[in-house]
Amino acid sequence: MPRELWITFVEFVRTFGALTLFLVELLIQVPRVFVRRFRLIVAQVYNAGSLSLVIIMVCGAFVGGVLALQGYANLTRFNAEDAVGIFAGFALIKELGPVITALLFAGRAGTALASEIGLMKATDQLSAMEMMAVDPIRRVVLPRFLGGVIAMPLLTAVFSMIGLLGAHMVGVMLLSIDVGAFWQQMQSTLDLRDVSEGILKSVVFGVIASLLAVWEGYNAIPTAEGVSRATTRTVVLTAIAVLITDFMITAWFLR
Amino acid sequence: MLRREMNAPRDNIVEIRDLHFSRGARKIFDGLNVDIKRGQVTAIMGPSGTGKTTLLRLITRQLRPDHGTIVVDGVDIANLNKAELYKLRKRFGMLFQNGALLTDLSVFENVAFPLREHTNLSNRLIRHVVLTKLHAVGLRGAADMMPGELSGGMARRVALARAMATDPDILIYDEPFVGLDPISMGVIVRLVRRMNDALGISSILVSHDVDEISTVSDCSYLLSDGKVAASGSPDELNRASSELVRQFMHGMADGPVAFHFAAPDYAEQLLGRDSE
Ligand SMILES: Nc1ncnc2c1ncn2[C@@H]1O[C@H](COP(=O)(O)OP(=O)(O)OP(=O)(O)O)[C@@H](O)[C@H]1O
Ligand SMILES: [Mg+2]
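In this text the structure is predicted, and so the values were computed from the model without any measurement.

1. Examining the overall build of chain A
Moving on, step 1. A tally of regular secondary structure across chain A gives 8 helices and 0 strands.
Moving on, step 2. Taking the principal axes of the C-alpha coordinates as reference, chain A spans close to 70 × 50 × 35 Å.
Moving on, step 3. Sequence separation of at least 24 residues holds for 83% of the intrachain contacts in chain A that already meet a minimum separation of 6.
Moving on, step 4. Surface summary for chain A: the accessible area is close to 12,700 Å², and the carbon and sulfur share equals 72%.
Moving on, step 5. Charge-centre separation for chain A: the mean point of 18 positive side chains lies 9 Å from the mean point of 17 negative side chains.

What follows is the structure in structure tokens.
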């Protein structure tokens, strides 16, 4: 058992190292690709964004609604139902917005990225590009990575906004919380630090989710089975990585 | 006189010396020596699984040999950095065994891809070149289709048009004749020959198709067991007395080339004795 643990540990460190190198290799080429392949990047932002947008809006509305219900149910015990706005605002902007968006993004856009790149590999398309002296990292991997990194904060903003609207609908319209109190308290209590925590999280999660997706696709075993495994791993690894980083960022902001 | 000789192009566009290559424990090449002559069509033949595709990947350095040298046009490709390698690869055109068309681009854009990547040609000129190449393989009418809508043979012909798009010096074909009907086959065979002669390029052609190879190639190599089993012009191979060559050229199941991949004894395995 200790031996197996040791092997798992070594495997983890090795993967983490390779992943870091891969990220560095990508980042080095960002300026060049940004200039020369700008249109590909825009296309990928659109691609990743439009894939996840509807799910994110639907989920955002319901998460906001649940927050209002839970907030109301628990805060009335302290006669503090006016604070439902603050409660929903904090939860969405600092925590649930970035985290749930990242998880949904991994499930929808991340899996699509991983399987697309994996299939391109399995059908020799990446080799064909290399034979045509076109670097698949620049032509295929980086635009998709950057597209995801840019799309994630935007999607997070949409999620949080729709979530607040959902909270408003449930809280103000259904449970008759005072509309002024709902928004006024949220506005006066949430400060820049809270919002920047949310933004930072969404950017970091965007990097994690996109990186893992393109990495799993690019390193997939080039068979049908290998590609399907890579797709599954993308979701699982992203979920784990996002939740762990979320804890670390939150702790860091509390310091 | 002397200067002309020094500048005279080398005879061999590709020289492979003492090549060793393994996949895991399986040895695929074991001291292979092959010369590809400039300006000729060279055929690589051999039973399925002998490593013909692998050889093409080694020549273009998609794979690296365990041991031995591969010299392309006077340059040892083992020592090239990425920029030099990409520069060399621009001189290659390669037809992959399964076509390898980019699935998110139309047929037209697939053929235009290398032109858009490496040249500053105007859209009008690119259109002209692409349509010419597609016409040559008989698929000008399919320009607006997506790769997923093509049959296997059509995809391979589009891939052929793409390989020719940048007018490379060395054209590599991995099984260009598989899945073609007799008419397209005849057209493609003649196209391969005509491209080679009219443009003065060198061609490397992998195929099982002994008859087609005989009509198109100047020189053939027959690979077996990681080495060259026989080489020479199609006539020489046809007349060869070696049992192995005769077996391959005339398609006989019994002979020195094993039809079966290495396996335990058939009867024993059917009777389940090997698992006891
Ligand atoms: N990615 C790989 N990993 C491990 N072994 C491989 C891989 N690709 C090929 N091989 C092995 O290498 C050997 C040679 O494969 P290769 O594709 O070069 O054969 P081939 O001569 O092109 O056959 P065919 O005529 O069927 O295309 C095969 O026995 C195969 O099992
Ligand atoms: Mg092959």
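2. Let's talk about the site of ligand 1
All names here are of chain B.
Moving on, step 1. Surveying the vicinity of ligand 1 reveals 13 residues, the closest of which are Arg26, Ser48, Lys52, Thr53 and Thr54.
Moving on, step 2. Between ligand 1 and arginine 23 there is a distance of 3.4 Å, counted from a nitrogen atom to a side-chain nitrogen or oxygen.
Moving on, step 3. Contact distances for ligand 1 include 2.5 Å between an oxygen atom and a side-chain N or O atom of threonine 54.
Moving on, step 4. Those elements that provide at least two residues to the shell around ligand 1 are β2 (26-37) and α2 (52-59).
Moving on, step 5. Among the elements that take part in the shell around ligand 1, α2 stands out by supplying 3 residues, more than any other.
Moving on, step 6. Residue composition of the shell around ligand 1, grouped by class: 1 nonpolar, 8 polar and 4 charged.

3. Examining the sheet that holds strand β9 (residues 219-224) of chain B
Residues and elements named next belong to chain B.
Moving on, step 1. An order of β6-β7-β8-β3-β9-β10 is seen for the 6 strands of this open sheet, with the pairing classed as mixed. In this open sheet, the two strands that pair with only one neighbour each are β6 (92-95) and β10 (227-232). In this sheet, neighbouring strand axes are inclined to one another by 15 degrees on average, regardless of whether the strands run parallel or antiparallel.
Moving on, step 2. Examined bridge by bridge, strand β3 (residues 41-45) and strand β8 (residues 202-206) share 4 bridges and lie parallel to one another. In the strand pairing of β8, alanine 43 is matched with leucine 205.
Moving on, step 3. Relative to β8, helix α7 (residues 182-199) is tilted by about 155 degrees, and along the sheet it contacts β3, β7 (170-174) and β8.

4. So, unusual backbone geometry
In terms of backbone geometry, most residues other than glycine have negative phi values and most peptide bonds are trans.
Moving on, step 1. The phi dihedral of Arg61(B) is positive, around 55 degrees, even though this residue is not glycine.
Moving on, step 2. Among the secondary structure elements, Arg61(B) is positioned in the loop between α2 and β4 (67-72).

5. Topic: the coordination of the magnesium ion (ligand 2)
All names here are of chain B.
Moving on, step 1. Distances from the magnesium ion (ligand 2) to its protein donors, namely Thr53 (OG1) and Gln97 (OE1), fall within the range 1.9 to 2.4 Å. Of this pair, threonine 53 sits in helix α2 while glutamine 97 sits in the loop between β6 and α4 (107-118), and the two are 44 residues apart along the sequence.
Moving on, step 2. Residue class for threonine 53 comes out partly exposed when judged on its relative accessible area of 24%.

6. Re the confidence of the model for chain B
Residue and element names in this part refer to chain B.
Moving on, step 1. Looking at chain B, pLDDT values average 85 and 90% of them are 70 or higher.
Moving on, step 2. Confidence scores differ between elements of chain B, with helix α1 (residues 2-7) showing the lowest mean pLDDT of 43 and α4 the highest of 94.
Moving on, step 3. Below pLDDT 50 for its whole length, residues 1-8 participates in 0 contacts with residues either more than four positions away or in separate chains.
Moving on, step 4. Taken together, the chains of this predicted complex give a pTM of 0.86 and an interface ipTM of 0.82.

7. Focus: the interface of chain A and chain B
Moving on, step 1. Contact residues are listed per partner, giving 16 residues for chain A and 22 residues for chain B.
Moving on, step 2. With both sides pooled, the region where chain A packs onto chain B buries about 1,700 Å², and carbon together with sulfur makes up 55% of that total.
Moving on, step 3. Summed over the shared surface of chain A and chain B, the number is 6 salt bridges.
Moving on, step 4. For the salt bridge of Asp135(A) with Lys82(B), the shortest nitrogen-to-oxygen distance reads 2.8 Å.
Moving on, step 5. Here chain A is connected to chain B by 6 residue pairs in polar contact (both at pLDDT 80 or more).
Moving on, step 6. Elements with a minimum of two residues in the side of chain A that touches chain B: α4 (125-131) and α5 (136-174) of chain A.
Moving on, step 7. No other element matches α4(A), which puts 6 residues into the side of chain A that touches chain B.

8. Some details on the pairing of β10(B)
Moving on, step 1. Where β9(B) and β10(B) come together, 5 bridges link them in antiparallel fashion. Each bridged residue has a counterpart across the sheet, and for Leu222(B) the counterpart in β10(B) is Ala230(B).

9. Describing the sheet that holds strand β1 (residues 12-23) of chain B
All names here are of chain B.
Moving on, step 1. Spatial ordering of the open sheet is given by β2-β1-β4-β5, a layout of 4 strands whose pairing is antiparallel. Unpaired on one side and paired on the other, β2 and β5 (75-76) mark the two borders of the sheet.
Moving on, step 2. Against the sheet, α2 makes contact with β1, β2 and β4, and its axis sits at roughly 120 degrees relative to β1, the strand it touches most.

Thresholds, definitions, all that
Residues numbered from 1 in each chain as written. Chains lettered and ligands numbered in written order. Predicted model: local features only at pLDDT ≥ 70, side-chain atom pairs only at ≥ 80, totals over all residues. Heavy atoms only, no water. Helix = DSSP H or I, 4+ residues; strand = E, 2+ residues; numbered from the N terminus. Contact = heavy atoms within 4.5 Å. Areas by Shrake-Rupley, 256 points an atom, 1.4 Å probe, with all protein chains shown as cover. Lys, Arg positive; Asp, Glu negative; His and termini not counted. Charge placed at Lys NZ, Arg CZ, Asp CG, Glu CD. Near = heavy atom within 4 Å. Polar contact = N/O pair within 3.5 Å; in protein donor to acceptor, adjacent residues only side chain to side chain. Nonpolar A, V, L, I, M, F, W, Y, C, P; charged D, E, K, R; others polar. Pairing = 2+ DSSP bridges. Axes fitted to C-alpha atoms, helices over the stretch in contact; angles between N-to-C directions. Donors = N, O, S within 2.8 Å, 3.2 Å for Na, K, Ca; no water. Buried < 20%, exposed > 50% of the residue type's maximum accessible area, 1.4 Å probe, protein only. pLDDT = per-residue confidence, 0-100. Buried area = accessible area lost by both parts, 1.4 Å probe. Salt bridge = Lys/Arg side-chain N within 4 Å of Asp/Glu carboxyl O.

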